[in-house]
Amino acid sequence: MVPWLRHADDPLPDTRSALPPGSDAPGLLAAGGELTSQRLTEAYSHGVFPWYSGDQPVLWWSPDPRMVLMTAEFKLSRSLRKTVARFARSSGCELRIDSAFARVIGACAATPRDGQDGTWIVPEMTDAYRAWHALGRVHSFETWIDGELAGGLYGVSLGRMFFGESMFSHRTDASKIALAALVCFCREHAVPMIDCQQRTGHLASLGGRELPRTEFERRLTPRLKEPPIVDWTYDPAWWRHLGIGGPQPEDPAAR
């Protein structure tokens, strides 16, 4: 039976108690509680995240296996490399961080997705992550083309770990450009792993892979103890981490 969080100080259960593969809801750990910044910090620090629809209580998940993108393993197809290079060299194109967070999370919630009826980014979740953003824990990577927000993504940063949440595109490959920029940013700041939560073919094509929960948590724990990133601005020179605009440097995240 899935535990119910009745009080604000009820701790989340041990992730090993999450429902196993083959069950009705593999990875479901607990239900209930509120999306306070304190609860979200506790959850993400243990590799747990909320995911539910509007007619459900808050549901907390710890899937096994866990989809991740190791920043050193990010793959650019030939066509996507050309797209990113064109963007990086065009005067009307700009990658911004946190300049329009509310618009990004709103677009992620509103953008239709194949195979999904409605959105899991319900108003309660939008409000919670906007409040967490105000505390410097949630960030948006934004693709701007000719002064318009063309696509982007948002996610959570704790220590030297980034947890990807959602992305959207209003133009072809705009979200992929934002992801490429996130990878460059992570390499520049020695962030070796981006959490992607659950497997998709799209993420696998970009180099994402699954880790057993125990291995994910083993890699997560030391990253959380490292100093947080302070400066959330994007330097266009960091495209060099993908071999764009100059020779590719050593990846500090691989040290």
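Up top you'll find the structure we're talking about.
Residues numbered from 1 in each chain as written. Predicted model: local features only at pLDDT ≥ 70, side-chain atom pairs only at ≥ 80, totals over all residues. Heavy atoms only, no water.

**So, the sheet that holds strand 5 (residues 66–70)**
Okay, so step 1: The sheet built from seven strands is open, its strands ordered 6-7-8-9-10-5-11 with mixed pairing. Both outer strands of the open sheet, strand 6 (93–97) and strand 11 (209–211), are each paired with one neighbouring strand and no more. This sheet shows a mean twist of 35° between the axes of neighbouring strands, independent of strand direction.
Okay, so step 2: Pairing analysis gives five bridges linking strand 6 to strand 7 (residues 138–145), with the strands arranged antiparallel. Note that in strand 7 the partner of arginine 96 across the bridge is glutamate 142.
Okay, so step 3: Against the sheet, helix 7 (residues 213–224) makes contact with strand 5, strand 8 (148–158), strand 9 (161–169), strand 10 (193–197) and strand 11, and its axis sits at roughly 105° relative to strand 9, the strand it touches most. (Pairing = 2+ DSSP bridges. Helix = DSSP H or I, 4+ residues; strand = E, 2+ residues; numbered from the N terminus. Axes fitted to C-alpha atoms, helices over the stretch in contact; angles between N-to-C directions. Contact = heavy atoms within 4.5 Å.)

**Quick notes on the nonpolar core**
Okay, so step 1: One finds Leu35, Leu40, Tyr44, Trp60, Tyr129, Tyr154 and Val156 to be the most contacted residues of the largest nonpolar core, which totals 48 residues.
Okay, so step 2: In terms of residue count, helix 3 (residues 101–110) provides more of this core than any other element does, six residues in total.
Okay, so step 3: Counting 38 residues, the second largest nonpolar core, distinct from the first, contains Phe74, Leu80, Ala85 and Leu179. (Core = buried A, V, L, I, M, F, W, Y, C linked by side-chain atoms within 4.5 Å. Buried < 20%, exposed > 50% of the residue type's maximum accessible area, 1.4 Å probe, protein only.)

**Details of helix 5 (residues 174–188)**
Okay, so step 1: For helix 5, spanning 15 residues, the distance from its first C-alpha to its last is 21 Å, which sits close to the expected 21 Å at 1.5 Å a residue.
Okay, so step 2: Most of helix 5 is tucked away, with 13 of its 15 residues classed as buried. (Expected span 1.5 Å × (residues − 1).)

**Some words on the pairing of strand 5**
Okay, so step 1: Within strand 5, five of the five residues are buried, which leaves the element mostly enclosed by the surrounding structure.
Okay, so step 2: With burial as the criterion, each face of strand 5 is covered, one bearing Arg66, Val68 and Met70 and the other bearing Met67 and Leu69.
Okay, so step 3: Pairing of strand 5 with strand 10 involves four bridges; the strand directions are antiparallel. Note that in strand 10 the partner of methionine 67 across the bridge is glutamine 197.

**Some thoughts on the sheet that holds strand 4 (residues 59–61)**
Okay, so step 1: Taken in spatial order, the four strands make up an open sheet running 1-2-4-3, and their pairing is mixed. The open sheet has two edge strands with one neighbour each: strand 1 (4–5) and strand 3 (49–50).
Okay, so step 2: Sheet topology places strand 2 (residues 28–32) next to strand 4; three bridges connect them, and they run antiparallel. Residue pairing across strands places alanine 30 opposite tryptophan 60, the latter belonging to strand 4.

**Let's talk about the side chain of glutamate 142**
Okay, so step 1: As for its placement among the helices and strands, glutamate 142 is situated in strand 7.
Okay, so step 2: An unpaired buried charge is present at glutamate 142: no salt bridge exists, and arginine 96, the closest side chain of opposite charge, is 5.6 Å distant.
Okay, so step 3: Among the polar contacts listed, one links the side chain of glutamate 142 to the backbone nitrogen of alanine 100, at a separation of 2.8 Å.
Okay, so step 4: A distance of 3.0 Å separates the side chain of glutamate 142 from the side chain of tryptophan 144, its partner in a polar contact.
Okay, so step 5: Beyond its immediate chain neighbours, meaning those up to four positions away, glutamate 142 contacts Glu94, Leu95, Arg96, Ile97, Asp98, Ser99, Ala100, Phe101, Val104, Leu149, Gly151 and Gly152. (Lys, Arg positive; Asp, Glu negative; His and termini not counted. Salt bridge = Lys/Arg side-chain N within 4 Å of Asp/Glu carboxyl O. Polar contact = N/O pair within 3.5 Å; in protein donor to acceptor, adjacent residues only side chain to side chain.)

**Considerations on the environment of valine 84**
Okay, so step 1: Residue placement: valine 84 occurs in helix 2 (residues 78–89).
Okay, so step 2: Considered as a pair, valine 84 and alanine 180 are 96 residues apart in the sequence and their alpha carbons are 7.8 Å apart.
Okay, so step 3: Every residue in contact with valine 84, bar those within four places of it in the chain, is listed here: Leu76, Ile177, Ala180, Trp239 and Ile244.

Any functional reading would require information beyond the geometric quantities listed.
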